[in-house]
Amino acid sequence: MKKRWWHNKTAYQIYPKSFYDSNGDGIGDLRGIIQKLDYLKDLGIGIVWISPIYQSPFIDQGYDISDYYAIDPAFGTMEDMDELLREAKKRDIAIVMDLVVNHCSDQHEWFQKALKDPFGPYGEYFYIREGKDGNPPCNWRSYFGGSVWEPLPGYDNLFYLHMFAKEQPDLNWENPALRQEIYKMIRWWLEKGVAGFRIDAIINIKKDLRFEDFPADREDGMCAATTMLASAHGILDFLMEMKKEAFAPYNAFTIGELFDFDQQELKRYIGEDGCFESIFDFAPHLLGGSDHGWYNRRPVTMDQFRDAVFASKAISQEIGMMANIIENHDEPRGVSRYLPAEGQTEQGKKLLAAISLMSFGLPFIYQGQEIGMTNKTFRSIEEVDDISTLDEYQVALEHGYTGEGALALVAEMSRDNARTPMQWSEEAHGGFTTGTPWLPVNENCQTIHVKEQEPQENSVLSFYKKLIALRTAPEYEEAIVYGSQEPFLEEETDLTAFYRKGQEKTLLILANTCSKSRTITLPAPIKKVLLNNYAAPLKATPNHQIPLQSYQLIILETT
Ligand code: TEU
Ligand code: CA
């Protein structure tokens, strides 16, 4: 594998609205991020991805952009952004922006112009089509519920397409003029000094242009718009063009967010000839999913988590480096989702961290993950902000659940779980703001916060620091960054075990993913114990038998 500067880094995702509020208005901001750069440096972070900070009406929390060249005043000014870039550079931290170009906001001037003149040049920036006698052109359902088609206000029988909310009209990538506008904007930011982009929802840019009905997959007579993606061919032409025209001249770091892509085509997405440098590995996040909605999900075990990770590494490690996450701003907190209730302890949190950071790939830590933040408790649907949760709640009601039952079901998956403010200290609102936070802080903010964990040698935070440091420890870096990932005892239940085999060193990661203790027999002697989530020293027997306690995790050097 051709080496790249980012391979040995650990990345961190900031959800800016909830990271740190510097001026007491209840909304996290750029100056707040600047103030916390030393914290990130100390953690060992080398890349920071910031969710959208562009001007936005915040219908989808900034993923609806009304001006790609402006910072939203809620976050600060362009001067703040320039300062952030300078300060990050001083600390050798690369800043990665969010690139949201499948759609923009309906408040963007392009859409406003399209509204005035749908048959003019800006009408061509969007997918505007005639309906069928006042009904939508086809039966595709948007990600956030309802038809992807919205009547164009002021016109009879004209509709525009939106894969997400109706306030997020999709941009027409078939139009070369639109593509050039996007490349120009990307170059502008790279020119400014951002290191690259996390590329939002990008698989959606290629549509099946026949805009025809598919068989309905729910009682509403619609089919998920994602069904159409399988018959939309040619996305790679767009992506390779974007690479050539915008990313490559700046040697930009690019990481795609894509769920529905053809696994056989992985080498066209990542690796030396791929259109991106990396993509997120969502294999564990797809587990338990249902076409019917969140209310219908199945529980996921740690063994399923393991199998998903192993399967995805088996496919990807020869091709390129995917990014490992346990959570992000769209997913519930990983410790609440993947660990059984009895395992949601400090031990369990450290164990999950180790699986993510020791697997082949670029680890991304989502803000608060490093202190073991958990899902929030929802008392009523009134407490929900997230547009997606509100839709899924309706779906659950339509399927006969009572308000309480529906809430309990969607609460587990709600995107708000990860969006509560970062917990910095025992002060009011977790020390996130001196004002009233835009979204209430998690009730456990008194017990889970940075200030308490920072000085403690055995805290979850300190364990994350050790894991991150291990990735670049001179003796082990090659094995952890480039070594092959090979399963060990994968037929066992409640065990996640794997080797990382480098040219010189071999590491073995052993995670007992249940509360029963057990003994594991190793085929070779232990050379050294590198990390252990229990304080008591490991007692191995002469014939390489290792006792593992409840949710014990150990990282060994072996042969
Ligand atoms: O998400 C894209 C996506 O397909 C899913 O994450 C989906 O939105 C989610 O699971 C629904 O619950 C990206 C962003 O990460 C997300 O925050 C945005 O809402 C979305 O694109 C639209 O920009
Ligand atoms: Ca603020």
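Model, not experiment: these values are computed from the prediction.

This next bit is on the environment of N102. Topologically, N102 is positioned in the loop between β5 (94-99) and α4 (109-116). Sequence spacing of N102 and I205 is 103 residues, and the spatial spacing of their C-alpha atoms is 5.3 Å. Among the polar contacts listed, one links the side chain of N102 to the side chain of H103, at a separation of 3.0 Å.

This part covers the site of ligand 1. Taken together, 17 residues form the shell around ligand 1, and within it D60, H103, D200, D330 and S388 come nearest. The side chain of H103 places a nitrogen or oxygen atom 2.9 Å from an oxygen atom of ligand 1. At 3.1 Å from an oxygen atom of ligand 1 is found a side-chain nitrogen or oxygen belonging to E257. Considered on its own, ligand 1 offers 490 Å² of accessible surface; in the complex 92% of this is hidden by protein. Of the residues that constitute the shell around ligand 1, the class distribution is 7 nonpolar, 3 polar and 7 charged.

So, on to the side chain of N172. Assignment of secondary structure puts N172 in the loop between β9 (158-161) and α5 (176-192). The class for N172 is buried, based on a relative accessible area of 8%. For N172, the side chain forms a polar contact with the main-chain nitrogen of E174, separated by 2.9 Å. Residues within four places of N172 in sequence aside, it is in contact with E124, Y125, F126, Y127 and L178.

Protein-derived ligands of the calcium ion (ligand 2) are D21 (OD), N23 (OD1), D25 (OD), I27 (O) and D29 (OD), with the metal-ligand distances lying across 2.2 to 2.3 Å. Taken in chain order, the donor set of the calcium ion (ligand 2) reads D-x1-N-x1-D-x1-I-x1-D. Given a relative accessible area of 53%, N23 falls into the exposed group. Relative accessible area serves as the criterion here: at 3%, D29 is assigned to the buried category.

Ordered by their spatial adjacency, 3 strands build an open sheet running β6-β9-β8, and the pairing between neighbours is antiparallel. Each of the sheet's edge strands pairs with one partner strand only, and the pair in question is β6 (128-130) and β8 (149-151). Geometrically, the sheet is characterised by an average inter-axis angle of 40° between neighbouring strands, direction not taken into account.

Taking 1.5 Å of rise per residue, 17 residues should cover 24 Å, and α5 covers 24 Å from first to last C-alpha, within 8% of that figure. Of the residues making up α5, those classed as buried are L178, R179, I182, Y183, M185, I186, W189 and L190. For α5, the buried positions fall inside an angular range of 160° around the axis, keeping them on one side. Remark: G193 follows α5 within two positions and exhibits a positive phi of approximately 115°.

Packing of α5 against helix α7 (residues 235-247) brings their axes to within 9 Å, and their N-to-C directions diverge by 40°. Regarding the angle of α5 to α7, the classification is oblique. In the packing of α5 onto α7, the handedness of the crossing is right-handed. Within the contact between the two elements, α5 uses R179, Q180, Y183, I186, R187 and L190 and α7 uses F238, E241, M242, E245, A246 and F247.

It is worth spelling out empty space enclosed by the protein at this point. The rolling of a water-molecule-sized probe over the atoms marks out the regions of remaining empty space. Going through the model one piece at a time under the given rule, you end up with 2 cavities of 30 Å³ or more. Put simply, the largest cavity is a space of about 100 Å³. D281, P284, F305, V309, K313, N324, I325, I326, I355, S356 and S359 are the residues that line the largest cavity. Residue contributions to the lining of the largest cavity peak at 3 residues, all from helix α10 (residues 302-316). Grouping the constituent residues of the lining of the largest cavity by class yields 6 nonpolar, 3 polar and 2 charged. Considering only enclosed or pocket space, the second largest cavity measures out at about 30 Å³ in volume.

This paragraph deals with the pairing of strand β18 (residues 506-512). Each regular strand displays side chains that alternate between the two surfaces of the sheet. Burial of β18 is extensive: 7 of the 7 residues sit out of reach of the surface. Of the two faces of β18, the one lined by T506, L508, L510 and N512 and the one lined by L507, I509 and A511 are each fully buried. In the sheet, strand β17 (residues 495-501) pairs with β18 via 7 bridges, with the strands oriented antiparallel. The partner of R500 across the bridge, within β18, is L507. Taking the residues between adjacent antiparallel strands as the criterion, β17 and β18 are bridged by 4 residues. Sheet topology note: the β18/strand β22 (residues 553-558) ladder contains 6 bridges and is antiparallel. By the bridge assignment for β22, L510 is matched with I554.

The domains assigned to the protein are domain 1 (11-102 + 176-453), domain 2 (109-161) and domain 3 (484-558). Of note, the centres of domain 1 and domain 2, computed from C-alpha atoms alone, are 28 Å apart. Here domain 1 meets domain 2 over a buried area of about 2,100 Å², counting both sides, of which 59% is carbon and sulfur. On the surface where domain 1 and domain 2 come into contact, there are 3 salt bridges. A salt bridge links R141 to D217, with the nearest nitrogen and oxygen atoms 2.8 Å apart. Counting the contacts that link domain 1 with domain 2 gives 11 residue pairs in polar contact (both at pLDDT 80 or more). Those elements giving two or more residues to the side of domain 1 that touches domain 2 turn out to be α5, β11 (223-224), α6 (225-229) and α13 (387-398). Of the residues assigned to the side of domain 1 that touches domain 2, the class counts are 15 nonpolar, 5 polar and 12 charged.

In this section: the packing of aromatic side chains. One pass over the full model with this rule turns up 35 aromatic pairs. Aromatic side chains W49 and F364 sit 6.1 Å apart centroid to centroid with 70° between the ring planes, which places their arrangement in the edge-to-face category. Of this pair, W49 sits in strand β2 (residues 47-50) while F364 sits in strand β15 (residues 362-366), and the two are 315 residues apart along the sequence. Relative accessible area serves as the criterion here: at 3%, F364 is assigned to the buried category. Taking the ring centre of F58 as reference, the NZ or CZ of K17 above it sits at 4.8 Å.

The rules we used
- All chains use their own residue numbering, which begins from 1 and follows the written sequence.
- Just so you know, chain letters begin at A and ligand numbers begin at 1, following the order they were written in.
- Confidence filtering applies because this is a predicted model: local features only for residues at pLDDT of at least 70, side-chain atom pairs given and counted only at 80 or more, and all residues used for totals across whole chains, interfaces and linings.
- Think of the side-chain values as coming from all heavy atoms in the structure, minus any hydrogens and water.
- The helix and strand labels rest on DSSP assignments: H or I over at least four residues marks a helix, E over at least two residues marks a strand, and numbering proceeds from the N terminus.
- In protein, a polar contact requires one atom able to donate a hydrogen and another able to accept it; more generally it is a pair of N or O atoms within 3.5 Å, and residues adjacent in sequence count only if both atoms are side-chain atoms.
- We define proximity as follows: a residue is near a molecule or strand when any one of its heavy atoms falls within 4 Å of that partner.
- For every accessible area listed, the method is Shrake-Rupley and the probe measures 1.4 Å; residues are considered covered only by the protein chains on display.
- Each residue receives one of three labels: charged for Asp, Glu, Lys and Arg, nonpolar for Ala, Val, Leu, Ile, Met, Phe, Trp, Tyr, Cys and Pro, and polar for the others, Gly being one of them.
- A simple rule labels every residue: compare its accessible area, found with a 1.4 Å probe on the protein chains alone, to the largest value its type can have, and call it buried under 20%, exposed over 50%, or partly exposed in between.
- Residue contacts are counted whenever heavy atoms from the two residues lie within 4.5 Å of one another.
- Counted as donors are N, O and S atoms no farther than 2.8 Å from the metal, or 3.2 Å for Na, K and Ca; water is not among the atoms, and sites may therefore look incomplete.
- Paired strands are those between which DSSP finds at least two bridges.
- To obtain each axis, a line is fitted to C-alpha atoms, and for helices this fit is confined to the stretch in contact; angles are then taken between N-to-C directions over 0 to 180 degrees.
- Multiplying 1.5 Å by the helix residue count minus one yields the expected span of that helix.
- Along the arc lie the directions from the helix axis toward the C-beta atoms.
- Put simply, angles under 35 degrees are roughly parallel, angles over 145 are roughly antiparallel, angles from 65 to 115 are roughly perpendicular, and the rest are oblique.
- For a crossing to be left-handed, the near helix must be turned anticlockwise from the far one by less than a right angle; the clockwise case is right-handed.
- Definitions used throughout: a 1 Å grid over protein atoms alone; a cavity as a set of points that fits a 1.4 Å probe which cannot get out; a pocket as an open set with protein on both sides within 12 Å along at least five of seven lines; a lining residue as one with an atom within 4 Å of a point.
- Grid points are joined across faces, edges and corners, and a volume is the space filled by probe spheres set on the points.
- Per the annotation, domain bounds derive from an automatic or database assignment of domains.
- When two parts are brought into contact, each loses some accessible area as probed by a 1.4 Å sphere; the total of that loss over both is the buried area.
- Here, a salt bridge means any Lys or Arg side-chain nitrogen found within 4 Å of an Asp or Glu carboxyl oxygen.
- Geometry of aromatic contacts follows a simple scheme: Phe, Tyr and Trp rings, the Trp one being its six-membered ring, pair when their centres are within 6.5 Å, and the pair is stacked under 30 degrees between planes, edge-to-face over 60, tilted otherwise.
- For a ring to carry a charge above it, either NZ of a lysine or CZ of an arginine must fall within 6 Å of the ring centroid while also lying within 35 degrees of the normal to the ring plane.

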